[in-house]
Amino acid sequence: MTMRMLEGKKGIILGVANKRSIAWAIAKASSDAGATLAFTYQGEKIKEKVEELVKTLPGTSPVYPCDVTSDDDLARLQENLRQDLGSVDFLVHSIAFADRKDLEGIFLDTSRKGYLLAQDVSSYSLTALSRMVAPLMSQGGSIITLTYLGSERAVKNYNVMGVAKAALEASVRYLAVDLGARQIRVNAVSAGPVNTLAARGISGFTEILDHVAHKAPLQRNVEIEEVANASVFLLSPLSSGITGEVIYVDCGYNIVGI
Ligand code: NAP
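The structure reproduced in this document is the subject of the present report. None of the values given here were measured: they were computed from a predicted structure.

A few points about the site of the ligand
In step 1: Close to the ligand lie 28 residues; S21, Q42, K165, V194 and T196 are nearest.
In step 2: Within the backbone of I22, one N or O atom sits 2.8 Å away from an oxygen atom of the ligand.
In step 3: Between V68 and the ligand, the recorded distance is 3.0 Å, taken from a backbone N or O atom to a nitrogen atom.
In step 4: Contact with the protein chains removes 89% of the 880 Å² of surface that the ligand exposes when unbound.
In step 5: If you list the elements that add at least two residues to the shell around the ligand, you get β5 (141-147) and α6 (197-200).
In step 6: Broken down by element, the shell around the ligand gets its largest block of residues, three residues, from α6.
In step 7: Class assignment of the residues belonging to the shell around the ligand gives a composition of 19 nonpolar, seven polar and two charged.

Shown next, in the form of structure tokens:
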């Protein structure tokens, strides 16, 4: 991507765990498109890894601690962003978590604790982060989140995460309505399967990759750069008339019947 679609824009990206993270692909594409970026990490053990990656981008990007289940962390993040960036034009929410035992077997066996954990980290966090960042988007803005087809189809082993993604996509629509008058847009990118740390936690993930490569209209799996490029489009003024949508970047897999 060579077009400078995000020239002069400032963004915060949550969800970089390593160089395979979708958030990192979005970071590289946003930086190439001219954006100034800030990042977060969860937990000290990942701090160094994120800082090392961020150093490879041009310019300097602040990196802040943030566990999205902590209201204190979110308040501190808002303060840090206000101090260091002043205003923010976009936010990337690329975060999900569920207990590994809830990503195998049957959904029927999901515990209350496992259900609430998946919802808290993977769905409610979008609402909490939108509330945190909206006051910093005085000139309008764009918020995106990452979702998956398991929100609307029963995908083997995806289980509790599918239900969390359904709530996440509904949140996108409600947040789009709440923030629309402030010209803040909220959209989701529904990515096809990509081999990342989070994906490897889903039992049978390789089978999903094989299945999609055979069934998708484009006869292959999506490249992480394709997910990142569509994300940059949604973050940029080129998508200024789009809000509350779920955009599929999955080589067309979601449209196929038999
Ligand atoms: P990833 O690299 O493992 O990213 C997941 C991120 O969520 C990690 O940075 C993780 O940080 C973070 N996270 C988990 N709990 C957190 C918390 N309490 N506070 C803050 N951050 C937390 O995997 P990914 O595949 O790129 O996932 C990014 C998003 O894309 C997720 O929403 C995922 O559901 C979605 N998605 C993925 C695929 C796919 O096939 N990979 C397809 C469609 C959608 P730690 O590692 O430090 O916990």
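With respect to the nonpolar core
In step 1: The biggest cluster of nonpolar side chains holds 55 residues, and the ones touching the most others in it are I13, W24, I26, L37, F39 and V227.
In step 2: Beyond its immediate sequence surroundings of up to four residues, I26 is in contact with I13, V92, I144, L146, A228, S231 and L235.
In step 3: Judged by nonpolar contacts, the second largest core, of 32 residues, contains A38, Y64, M132 and L175.

Definitions and cut-offs
- Residues numbered from 1 in each chain as written.
- Predicted model: local features only at pLDDT ≥ 70, side-chain atom pairs only at ≥ 80, totals over all residues.
- Heavy atoms only, no water.
- Near = heavy atom within 4 Å.
- Polar contact = N/O pair within 3.5 Å; in protein donor to acceptor, adjacent residues only side chain to side chain.
- Areas by Shrake-Rupley, 256 points an atom, 1.4 Å probe, with all protein chains shown as cover.
- Helix = DSSP H or I, 4+ residues; strand = E, 2+ residues; numbered from the N terminus.
- Nonpolar A, V, L, I, M, F, W, Y, C, P; charged D, E, K, R; others polar.
- Core = buried A, V, L, I, M, F, W, Y, C linked by side-chain atoms within 4.5 Å.
- Buried < 20%, exposed > 50% of the residue type's maximum accessible area, 1.4 Å probe, protein only.
- Contact = heavy atoms within 4.5 Å.

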